[in-house]
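# Overview (structure and organization)
Single-letter residue listing:
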2 protein chains.
Amino acid sequence: MEDLSFIPDLPSGPLDVYRNGASFNWKRLKLALEGDIDLLKLKYKIWRTLEKDPLFAHHPVTPPLEEQKRITQLQLKKINEYKFIPKEMFNASYSKRTRTIMTINEAVQSLNPSVSVKMAIGIYLFSNALLSLGTERHLKFYEATIKHREILASFALTEIAHGSDARLMRTTATYDPSTKEFVVHTPDFEAAKCWVGNLGRTCTHTLLFAQLITPDGTNHGLHGFVVPIRNPDTLETYPGLTVGDMGEKIGVNGIDNGFIMFNNYRIPRENLLNRTADVTEDGTYESSFSEPSRILGAALENLSAGRIGIMQESCQSLASAVSIAVRYAATRTQFGERGRETPLIEYPLHQWRLFGHVAAAVIYRLYIGKFTYVYLNMVEKSNAGHRVDNLSEAVSEIHAMVSSSKPLLTWGALRAAQQAREACGGHGYLKSSNLGDIRSNHEPTVTYEGDNNVLSQQAGNWLLRQYEAARAGADVDAPLASVAFLRDLPRLRAAAFRAARTADLKTPDFIISTYRWLLCWLLKHTHEKNEAELAKGLTKVQARNNCQVYRWKNLTKVYAEYLSLIFSLEAIETKEKELQPVLMKLFCLYGLWCLDDSLVELYQGGYSKGEEMARLIRDAVLELCSEVKGDIVSVVDSLAPPDFVLNSALGKSDGKLYQNLQKAFFSQPGVFERTPWWRDVVPSSKL
Amino acid sequence: MEDLSFIPDLPSGPLDVYRNGASFNWKRLKLALEGDIDLLKLKYKIWRTLEKDPLFAHHPVTPPLEEQKRITQLQLKKINEYKFIPKEMFNASYSKRTRTIMTINEAVQSLNPSVSVKMAIGIYLFSNALLSLGTERHLKFYEATIKHREILASFALTEIAHGSDARLMRTTATYDPSTKEFVVHTPDFEAAKCWVGNLGRTCTHTLLFAQLITPDGTNHGLHGFVVPIRNPDTLETYPGLTVGDMGEKIGVNGIDNGFIMFNNYRIPRENLLNRTADVTEDGTYESSFSEPSRILGAALENLSAGRIGIMQESCQSLASAVSIAVRYAATRTQFGERGRETPLIEYPLHQWRLFGHVAAAVIYRLYIGKFTYVYLNMVEKSNAGHRVDNLSEAVSEIHAMVSSSKPLLTWGALRAAQQAREACGGHGYLKSSNLGDIRSNHEPTVTYEGDNNVLSQQAGNWLLRQYEAARAGADVDAPLASVAFLRDLPRLRAAAFRAARTADLKTPDFIISTYRWLLCWLLKHTHEKNEAELAKGLTKVQARNNCQVYRWKNLTKVYAEYLSLIFSLEAIETKEKELQPVLMKLFCLYGLWCLDDSLVELYQGGYSKGEEMARLIRDAVLELCSEVKGDIVSVVDSLAPPDFVLNSALGKSDGKLYQNLQKAFFSQPGVFERTPWWRDVVPSSKL
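Residues numbered from 1 in each chain as written. Chains lettered and ligands numbered in written order. Predicted model: local features only at pLDDT ≥ 70, side-chain atom pairs only at ≥ 80, totals over all residues. Heavy atoms only, no water.

A few words now on the relation of the copies chain A and chain B. Once chain A is rotated about the relating axis by 180° and shifted along it by 0.0 Å, it coincides with chain B to within an RMSD of 0.0 Å. The superposition of one copy onto the other is thereby described by a two-fold rotation axis. When C-alpha distances to the rotation axis are compared across chain A, the minimum falls at Val600(A), with a value of 2.7 Å. Interface residue correspondence from chain A to chain B reaches 100%, placing this contact among same-surface, isologous pairings. (Least-squares fit on C-alpha atoms with pLDDT ≥ 70 in both. Contact = heavy atoms within 4.5 Å.)

If you want it as structure tokens, here you go:
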């Protein structure tokens, strides 16, 4: 077995009573969830390093807005200096290198999400986009970004009046053959680029998406351009640009989200990212359709990389939130009998409120770990120009998987963070619980990188196409087999709920087969409604809009839950034996807890008509909550980052809840002093 | 008809297209929702006054923590100076006076919730508590608080290690006959009083709840004491006290929530609030059981007043949140066909996401308006010593109604605020949308003044008792008739879903009768489970704990929804004719939207076995969304406070979305200047 002594032991304390009864070793589970000992070591190395650095110390009071941005920028600079990426990684395979970068991102995100966003956008997404959208002539930007860190970049796509619908962007880049430049222009404030992370205060360049117009007046659609924004030595913006910061937000205030208007701003012709199309010196537009597999791979990466990163981060936020709430629940007592107070964790209601989210934290982590691997391999193969069977179908399937899973995970983590805060009562409302910041910083993920509702629709489109093919007896275009069960459509339709005891439900078989039935029914239900709307004479778009509520929305959610189940189940089966029982219990708890949310559809579709189905599924959920209780503190020990990173007075690993709270209160600067503004409000008689 | 010209007309703009099609006059609906023209005039007077006062100007960037507290204290002082309470109110009836104070609270809360909390705790709840718990000897405190405003008070009940379970509080007040004083003492940090609003920085006195111990060593349980905390002229805390502020919170940071430890701190014997019990000079404990109706009235008031205030505030927050989101949805376009972009409000999914919450905002407002009236009359009668039939039963029933409704309304407003923010996409994440602050400031209501989960259990206890009585054929002890339907238990049990078209569902009859069936089934389901657990040999407490999930929890939620329906329906029937159609549509939408959430129980209980029930209920919800669309902008005009109060760049009444956003961005101090800390982070080559 691997030596896990690099993971520090947990301090003894009030949590021991629960830890001592665990069925497994929490360090082994931690490794199993990480999936790779080198990556886990890297995380601990980063955390140890940053804990020692005063620049990364936590602030008991949120610093002023501008100071948050300054600290974040300095932290990024410092992380660059630490060079956490091992040198050999620069020559490693794409998938290995990317997985390492993703791990660094996770480690940094759990400490300060603003820094990880700044780093991801400003360095990694930008440099990857240069490789995938650009050509040799853009290597100088790549080197300046990733090697010399002279460039801090941003992405300018969204406009004030247009978010999700990229076709309607109004910023133009018109080619001027007389100077061999593109003239970038913003017609009005509604077309100002906005929500551009790093743009408000710091970036030196932006990757701009604008309508490319040739001298003959033809609009060739959105293209990417590298546009200089600020003098790197003075941080002054260049003339011709109106750049500002969008101001305070609900969270991630270390990120300087900016807006920008271009006033006939000129950039060299070579700044067009010209992998798929170029404009010649004299102004002729030329498409290059070479290397279709590379183009598909690039498309896949550009669409998915950010969203996969967000899902990884959601796993981290979810893990931190439930860890705090479970440790609090195990140390906080309330009411009781015979003079003994009962820890919250012993109450069935409290278990039910939290344990489903803990199970989700484990299942999502296993799912995304495995899915990331599949995805990176696919990009690597296509980037390398290897022939990949059904590549285009695989890209569509991955896009559907990501488009349904990003909503599931981001909303799941948001709900968990809220439940965790409520489960910690008033104390959870303190900044020192860290639950507020975890929640607020996570929150934008549900509407950025594709609004969750819009993304779900894209997954729904793909699912319906597969269903229509399966119905017609044709092959399903899903090389990753996520809807392979559609081949069994007739048999699945005939299935029904057959269980007499909760034990019959607490199995992967029951859960997976019920999910397959449910997916088939939701597909049928959605398809029929869609056909009925079309038959009324509605357009395709109108018909689809009328099928969103209760249909596409539920369908794509259930599909994403199904993906998380089949991927995590495969992962669990490869884990060491000691961990199997607890992982299987968490799997079943998560699966049934999710099914509980689809009981209406199970009844409506006729999977069962009796009262037993709801009763058994719900009883099974409660039984599983009770069964995992003895392990749950050790499960969150496996999920939680070290105390310094978790940064919560309620969730420290020593379990000394009130001592930690006391320390948090007493260590505030000036806590026992009279308020400095007392003269402004006395005498009280005038109050 | 009343002259409503004191309500300013709304500016013409892009929202006109929706406003012009409304079926009613929005000012009439606004008056109907307020219920009293004088109170509505008072609100507008307060808002007009504060809008002109620079002390109440909004800040584009959240001020530093201490500055928020300072501003809040100054604002309270200023509001006191404005003397918004008409002089004649001091001699008006209890219910009239209290309704006026509540209206002032609502008006202030929608502008700055910290000020209204500070005022409610520091002045009104304290002075009311003096009247209900104290005697003549405490009138000096009353006068100093309400008339001269020399006292700013706080309430010290919760301790660090004990929140909900008041019996286990450990702070003691031991009587010392030698000096005729109580000696107040905190044994350790875990017994420090905490979450005491106004205590951290400002209050002069606290109403302390401590275990009263007589010289013979007997503990007589929790009693209330008036305890001086700070010198009103210097704001210095008195020796013997360790007082501090709890630090930053998720929201309401204008409130200085504090903690306090008493070190054998002495207060005069007379500071005991001695309406129900006293300690004689020589140290004898004496109960006084006179005036039972006044005692019950006092108990009712002390338990409920704060919670009713929270429900009123929840209505305000909910109204503001949905107003912003609906105005945004009517002015923001996205995608579309034939070159024309579609306003978000035209999408069925977007309607479904928002309109149920809009309907809830109207229904809750009508419900709480009517309920407040019932409650105030009850307290008034009992305070006046009038004989009230079944007073004790009525007090229990009101307590059950409040205990189930406070969770419904506070969670409902929280969900709405979150949905509103998501429905505004990224722009909703800006501080300038105000949705973040509305949400964060509202959030503590779900765990304070009785944690929602704990409160629900109390309502559940009462409901089960009524069910058991009804089952045994006995009378139901519910003078307010909230469970009068239990008399029809046998008939209700036999009811079933009978509807063939959505039109059959869109009626109060269908909704109310379905709710009654549902309540009966949930009562039966919960009762049976409880009996089964008891039969296993569990204690009462254990049995109840095992019945919380899916049973008590759902039961009390459904009961509260039912209350909101029957009270609001009664209110709607008294409103003017022009308003009836839109109010009835909103009633049906709200009712069916809530029933959708109980479909599992409707199936499980066998109300119907077919697929039609879910389909028809859900189709009816979608039809109603489409039917209210033409009115919805005017509905939110009736719900929304003036622009200054709403304070949202996305939700201004002129509908000039992008001009308002541009103004918000461009008016930030230094928005176009280079960041002041640029030297710290250049040259970028070192980034």
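Time to look at the environment of Ile260(B). Residues and elements named next belong to chain B. Positionally, Ile-260 belongs in strand 8 (residues 258-262). Placed 179 residues apart in sequence, Ile-260 and Arg-439 show a C-alpha to C-alpha distance of 29 Å. Contacts of Ile-260, omitting those with residues within four sequence positions, involve Thr-186, Ala-192, Lys-193, Leu-199, Ile-229, Leu-241, Thr-242 and Val-243. (Helix = DSSP H or I, 4+ residues; strand = E, 2+ residues; numbered from the N terminus.)

Contact with chain A, which involves 132 residues of that partner, is made by 132 residues of chain B. The contact between chain A and chain B buries some 11500 Å² in all, and 60% of this surface belongs to carbon and sulfur atoms. For the pair chain A and chain B, the interface holds 10 salt bridges. Put simply, chain A and chain B have 48 residue pairs in polar contact (both at pLDDT 80 or more) between them. Take the side of chain A that touches chain B: its biggest share by element is nine residues, from helix 4 (residues 65-82) of chain A. Along the lines of polarity and charge, the residues of the side of chain A that touches chain B split into 52 nonpolar, 40 polar and 40 charged. (Buried area = accessible area lost by both parts, 1.4 Å probe. Salt bridge = Lys/Arg side-chain N within 4 Å of Asp/Glu carboxyl O. Polar contact = N/O pair within 3.5 Å; in protein donor to acceptor, adjacent residues only side chain to side chain. Nonpolar A, V, L, I, M, F, W, Y, C, P; charged D, E, K, R; others polar.)

It is worth spelling out the packing of helix 9 (residues 348-383) of chain B against helix 18 (residues 580-596) of chain B at this point. Residues and elements named next belong to chain B. Between helix 9 and helix 18, the shortest axis-to-axis distance is 8 Å and the interhelical angle comes to 110°. The angle between helix 9 and helix 18 places the two elements in the roughly perpendicular class. The handedness of the crossing between helix 9 and helix 18 comes out as left-handed. Contact residues: Trp-352, Phe-355, Gly-356, His-357, Ala-359, Ala-360, Val-362, Ile-363, Tyr-364 and Leu-366 in helix 9; Leu-583, Leu-586, Phe-587, Leu-589, Tyr-590 and Trp-593 in helix 18. Taken together, the residues of the contact of helix 9 with helix 18 sort by class into 14 nonpolar, two polar and no charged. (Axes fitted to C-alpha atoms, helices over the stretch in contact; angles between N-to-C directions. Parallel < 35°, antiparallel > 145°, perpendicular 65-115°, else oblique. Left-handed = near helix turned anticlockwise from the far one by under 90°.)

Let us look at the side chain of His399(B). Structurally, the position occupied by His399(B) is in helix 10 (residues 391-423). The residues contacting His399(B), other than those within four sequence positions of it, are Leu303(B), Arg307(B) and Gln458(B).

Another aspect to go through is the sheet that holds strand 7 (residues 241-245) of chain A. Residues and elements named next belong to chain A. An order of 4-8-7 is seen for the three strands of this open sheet, with the pairing classed as antiparallel. This sheet does not close on itself; its edge strands, each paired only once, are strand 4 (193-196) and strand 7. Ignoring which end each strand starts from, the neighbouring axes of this sheet average 20° apart. Relative to strand 8 (residues 258-262), strand 4 is paired through two bridges, and the arrangement is antiparallel. Within the sheet, the bridge partner assigned to Lys-193 lies in strand 8 and is Ile-260. (Pairing = 2+ DSSP bridges.)

So, about helix 2 (residues 26-34) of chain B. Residue and element names in this part refer to chain B. With nine of nine residues buried, helix 2 is to be regarded as a mostly interior element. Buried residues of helix 2: Trp-26, Lys-27, Arg-28, Leu-29, Lys-30, Leu-31, Ala-32, Leu-33 and Glu-34, and no others. Residue Asn-25 occupies the N-cap position of helix 2, its side-chain oxygen lying 2.7 Å from the main-chain nitrogen of Lys-27. Within two residues after helix 2, Gly-35 carries a phi angle of roughly 90°, on the positive side. (Buried < 20%, exposed > 50% of the residue type's maximum accessible area, 1.4 Å probe, protein only.)

The next thing to look at is the UniProt feature "binding site: FAD" (unreviewed entry) in chain A. Residue and element names in this part refer to chain A. Look at the UniProt record and you will see "binding site: FAD" (unreviewed entry) annotated at Thr-158 and Gly-197. Taking the farthest pair of C-alpha atoms as the criterion, the annotated set spanning 40 residues converges on one region, since that pair is 11.1 Å apart. The residue Thr-158 is located in the loop between strand 1 (155-156) and strand 2 (172-176) in this model. Setting aside anything within four residues of it in sequence, one finds Thr-158 in contact with Gly-163, Met-169, Ala-192, Lys-193 and Cys-194. Assignment of secondary structure puts Gly-197 in the loop between strand 4 and strand 5 (205-213). Not counting the four nearest positions on each side in its chain, Gly-197 is found in contact with Ile-121, Ala-153, Ser-154, Ile-255, Asp-256 and Asn-257. (UniProt positions renumbered as here; feature names shortened; annotations may be inferred.)

In this section: the sheet that holds strand 8 of chain B. All names here are of chain B. The antiparallel open sheet is built from three strands, whose spatial order is 4-8-7. With one partner strand each, in any of the chains shown, strand 4 (193-196) and strand 7 (241-245) form the two edges of the open sheet. Shown here is a sheet whose adjacent strand axes are inclined to one another by a mean of 20°, direction ignored.

This part is about the packing of aromatic side chains. Evaluation of the coordinates by the stated rule reveals 49 aromatic pairs over all chains. With a centroid separation of 5.4 Å and an interplanar angle of 80°, the aromatic rings of Tyr364(A) and Tyr590(A) are classed as edge-to-face. Separated by 226 residues along the polypeptide, Tyr364(A) in helix 9 (residues 348-383) and Tyr590(A) in helix 18 (residues 580-596) bring together distant segments of the chain. The exposure class assigned to Tyr364(A) is buried, which follows from its relative accessible area of 4%. Ring geometry for Tyr367(B) and Phe371(B): centres 5.9 Å apart, planes at 50°, overall tilted. Of this pair, Tyr367(B) and Phe371(B) both sit in helix 9, four residues apart, roughly one helical turn. The pair formed by Tyr367(B) and Phe371(B) is uniform in burial state, with each residue classed as buried. Chaining the aromatic ring pairs together yields one cluster made of Phe189(A), Phe259(A), Phe665(B), Phe666(B) and Phe672(B). (Phe/Tyr/Trp six-rings, centres within 6.5 Å; stacked < 30°, edge-to-face > 60°.)

Accessible area lost upon the coming together of the parts is a frequently used measure of interface size. Here the domain parsing of chain A yields domain 1 (151-293) and domain 2 (295-673). Spacing between the C-alpha centres of domain 1 of chain A and domain 2 of chain A amounts to 36 Å. (Domains from an automatic or database assignment.)

Let's shift gears to the nonpolar core. Ranked by size, the top nonpolar core spans 396 residues in total, and within it Leu486(A), Tyr590(A), Leu486(B) and Tyr590(B) carry the most contacts. Take this core: its biggest share by element is 19 residues, from helix 9 of chain A. Not counting residues within four places of it along the chain, the set of residues in contact with Tyr590(B) comprises Ala359(B), Ala360(B), Ile363(B), Tyr364(B), Leu408(B), Glu561(B), Ser564(B) and Leu565(B). (Core = buried A, V, L, I, M, F, W, Y, C linked by side-chain atoms within 4.5 Å.)

All names here are of chain A. Inspection of the secondary structure assignment puts Asp-53 in the loop between helix 3 (37-52) and helix 4. The exposure class of Asp-53 is buried, given its relative accessible area of 6%. Polar side-chain contacts of Asp-53 include one of 2.7 Å to the side chain of Tyr-82. Once you skip the residues sitting within four places of it in the chain, Asp-53 turns out to touch Lys-78 and Tyr-82.

Residue and element names in this part refer to chain A. In total, this model carries 85 salt bridges over all chains according to the counting rule given. The partner of Glu-281 in a salt bridge is Lys-180, with the nearest N and O atoms 3.9 Å apart. Note that Glu-281 is positioned in the loop between strand 10 (277-279) and strand 11 (285-287) and Lys-180 in the loop between strand 2 and strand 3 (181-185), a separation of 101 residues in sequence. Owing to a relative accessible area of 43%, Glu-281 belongs among the partly exposed residues under this scheme. We classify Lys-180 as partly exposed; its relative accessible area is 39%. Across the salt bridge formed by Arg-491 and Asp-488, the nearest N and O atoms sit 3.4 Å from each other. In this structure Arg-491 comes out as exposed when scored by relative accessible area, which is 58%. When salt bridges with common partners are traced through the structure, they connect Arg-19, Arg-327, Asp-637 and Asp-643 into a single cluster.

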